[in-house]
Number of protein chains: 2
Amino acid sequence: MAPKPAAPPDERTTRERILDIAIELFIEKGYDKTSLREIAERLGFSKAAVYYHFASKDDILLALHLRLHDLLREALAGLGEPDATADMWPLLLDGLIEGLIANRQLFVMHERNRAAFEQLHDKRHHEGDHEDLEGQLRGVLADHTVPLPTRVRMACSLGAVISGVMMAGDAFADVPSAELVAILRGAMNDLLGAAALAR
Amino acid sequence: MAPKPAAPPDERTTRERILDIAIELFIEKGYDKTSLREIAERLGFSKAAVYYHFASKDDILLALHLRLHDLLREALAGLGEPDATADMWPLLLDGLIEGLIANRQLFVMHERNRAAFEQLHDKRHHEGDHEDLEGQLRGVLADHTVPLPTRVRMACSLGAVISGVMMAGDAFADVPSAELVAILRGAMNDLLGAAALAR
DNA sequence: GTCTATATTTCGATAGAC
DNA sequence: GTCTATCGAAATATAGAC
């Protein structure tokens, strides 16, 4: 997941640079409390210039939503067939961990602005395509053909990974990624392994 | 934790009723996108009346912050001595689970408005008391005298419980609380038990 | 305690020059 | 592609009557 194009620091599109700054500010102050003026100023130009690259403020959030979506698409590709998902869950989660770490900022931003993203989703609801990722996830977790304990542990494992990764730039700031990944994999095994689910 | 006073539905203070409605709306639309006019209308009176009970919009969020704080204070009382905390963690978490479920709405609201709460915290930072709960938590997780794998699993377990509980009104809507609690306790044991930490 | 104004501010968004 | 200037909307907060 997420090889991350990682273009040379100065060959980034203006559009991309706006999004990068937006992530920073949306983490610091939150989406709603961040004005387009602030984004523009931090980039060294004016508000109107931002409007040349994005039709609206929502449009910026939407673009970030798409970044998230693209990153998760590969890792969660298996969410199509609800039956098989439970079995694939450990692998699915495994593929997720490294992507989460590599794009930590983006996911932290999402964590801290859930309400704003949900509102965005409601707007799209009245429009086109419905490849609602979060909805699919809920569907899997609500699937009654899978034993309840398994489903609960699936939900837990997801929260556990996210929580562990979010601390990576904080309480675990000095921990090498590889080490963190190894520990997380171990924890996920205890949570989802055959031995655990057989109980 | 959280015996929850649960006053008779109609003997609630107007102030309390405002807070209840605020929780609802902050979940539905988010803190920033919710206007005081909406809160007032849903209660059947006008915006100015709300200002009689709360000095500002921030003041409403602050009151909700205190509700959260009071609920967590008991459960996380052990966070005082950083050394002993790692040992007590399983018990600490155990005490948390039921409180989280009993006051799910409040915690969901917090989850979806993290940015707003953080901003609130920054303001208090320039003022009085510093019994910063979230800060203490970070301190414990950063404590280098505790083995890294243990700390990571502590962070994971917290995220796991929260994630599991949040789904309670959603994908696990039809699951009895007692059953959910039992499964969560089992999962936490696998994540934090002596066998797991000895690995 | 609750109401009807109203003051004030800020922000998203647009128009049009360069 | 970026600027200055401005419009219009909405929200917080206040004043003062009842």
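Residues numbered from 1 in each chain as written. Chains lettered and ligands numbered in written order. Predicted model: local features only at pLDDT ≥ 70, side-chain atom pairs only at ≥ 80, totals over all residues. Heavy atoms only, no water.

Draft legend 1. Representation of the packing of helix α8 (residues 133-142) of chain A against helix α9 (residues 148-166) of chain A. All names here are of chain A. α9 packs onto α8 with a crossing angle of 145° between their chain directions and a minimal axis gap of 8 Å. Across the interface between the two elements, Leu137, Val140, Leu141 and Ala142 from α8 touch Arg151, Met154, Ala155 and Leu158 from α9. Among the residues making up the contact of α8 with α9, the classes are represented as seven nonpolar, no polar and one charged. (Axes fitted to C-alpha atoms, helices over the stretch in contact; angles between N-to-C directions. Helix = DSSP H or I, 4+ residues; strand = E, 2+ residues; numbered from the N terminus. Contact = heavy atoms within 4.5 Å. Nonpolar A, V, L, I, M, F, W, Y, C, P; charged D, E, K, R; others polar.)

Draft legend 2. Spatial organisation of the relation of the copies chain B and chain A. Relative to chain A, chain B is turned by 180° and slid 0.0 Å along the rotation axis, the superposed coordinates differing by an RMSD of 0.1 Å. Look at the turn and shift together and you get a two-fold axis relating the two. (Least-squares fit on C-alpha atoms with pLDDT ≥ 70 in both.)

Draft legend 3. Main features of the pattern of salt bridges. Under the definition given, this model contains 32 salt bridges over all chains. In this structure, the salt-bridge partner of B:Arg112 is A:Glu118, at a minimum N-O distance of 3.3 Å. Here B:Arg112 is found in helix α6 (residues 104-112), whereas its partner A:Glu118 is found in helix α7 (residues 114-125) on a different chain. Exposure remark for B:Arg112: the relative accessible area of 13% places this residue in the buried category. Between B:Asp20 and B:Arg12 there is a salt bridge, and its shortest N-O distance comes to 2.3 Å. Since its relative accessible area comes to 25%, B:Asp20 is described here as partly exposed. By relative accessible area, B:Arg12 is classed as partly exposed at 25%. (Salt bridge = Lys/Arg side-chain N within 4 Å of Asp/Glu carboxyl O. Buried < 20%, exposed > 50% of the residue type's maximum accessible area, 1.4 Å probe, protein only.)

Draft legend 4. A look at the protein's contact with DNA strand D. The environment of DNA strand D is formed by 14 residues, the closest being A:Ser46, A:His53, B:Lys47, B:Tyr51 and B:Lys57. Atoms of DNA strand D within 4 Å of the protein belong to the sugar or the phosphate in 54% of instances, the rest to bases. Between A:His53 and DNA strand D, the recorded distance is 2.8 Å, taken from a side-chain N or O atom to a phosphate oxygen. The separation between a phosphate oxygen of DNA strand D and a polar side-chain atom of B:Tyr51 is 3.1 Å. At the level of elements, α3 (47-53) of chain A together with α3 (47-53) of chain B are the ones that each hand at least two residues to the surface near DNA strand D. The element that contributes the greatest number of residues to the surface near DNA strand D is α3(A), accounting for four residues. Its residues assigned to classes, the surface near DNA strand D comprises seven nonpolar, five polar and two charged. (Near = heavy atom within 4 Å. Polar contact = N/O pair within 3.5 Å; in protein donor to acceptor, adjacent residues only side chain to side chain.)

Draft legend 5. Inspection of empty space enclosed by the protein at higher detail. Applying the stated rule across the entire model yields two cavities of 30 Å³ or more. Approximately 140 Å³ is the volume attributed to the largest cavity. A:Asp32, A:Ala115, A:Ala116, B:Asp32 and B:Asn113 are, among the 19 residues lining the largest cavity, the residues nearest its centre. Looking at the lining of the largest cavity, the elements that each hand over two or more residues are α7 of chain A together with α7 (114-125) of chain B. For the lining of the largest cavity, the element with the most residues is α7(A), which contributes three residues. A per-class count over the lining of the largest cavity returns six nonpolar, five polar and eight charged. Here the second largest cavity defines a volume of roughly 40 Å³. Forming the walls of the second largest cavity are A:Tyr31, A:Asp58, A:Leu61, A:Ala116, A:Gln119, A:Leu120, A:Lys123 and B:Lys33. (1 Å grid on protein atoms, 1.4 Å probe; cavity = no way out; pocket = protein on both sides within 12 Å on 5 of 7 lines; lining within 4 Å. Points joined across faces, edges and corners; volume = space filled by probe spheres on them.)

Draft legend 6. The protein's contact with DNA strand C, seen in detail. Inspection of the region around DNA strand C gives 13 residues, with A:Lys47, A:Tyr51, A:Lys57, B:Ser46 and B:His53 positioned closest. Sugar plus phosphate, as a fraction of atoms of DNA strand C within 4 Å of the protein: 56%. With respect to DNA strand C, the side chain of A:Tyr51 contributes an N or O atom lying 3.0 Å from a phosphate oxygen. Take B:Ser46: an N or O atom from its main chain is 2.4 Å from a phosphate oxygen of DNA strand C. Looking at the surface near DNA strand C, the elements with two or more residues in it are α3 of chain A together with α3 of chain B. Broken down by element, the residue count for the surface near DNA strand C peaks at four residues, all from α3(B).

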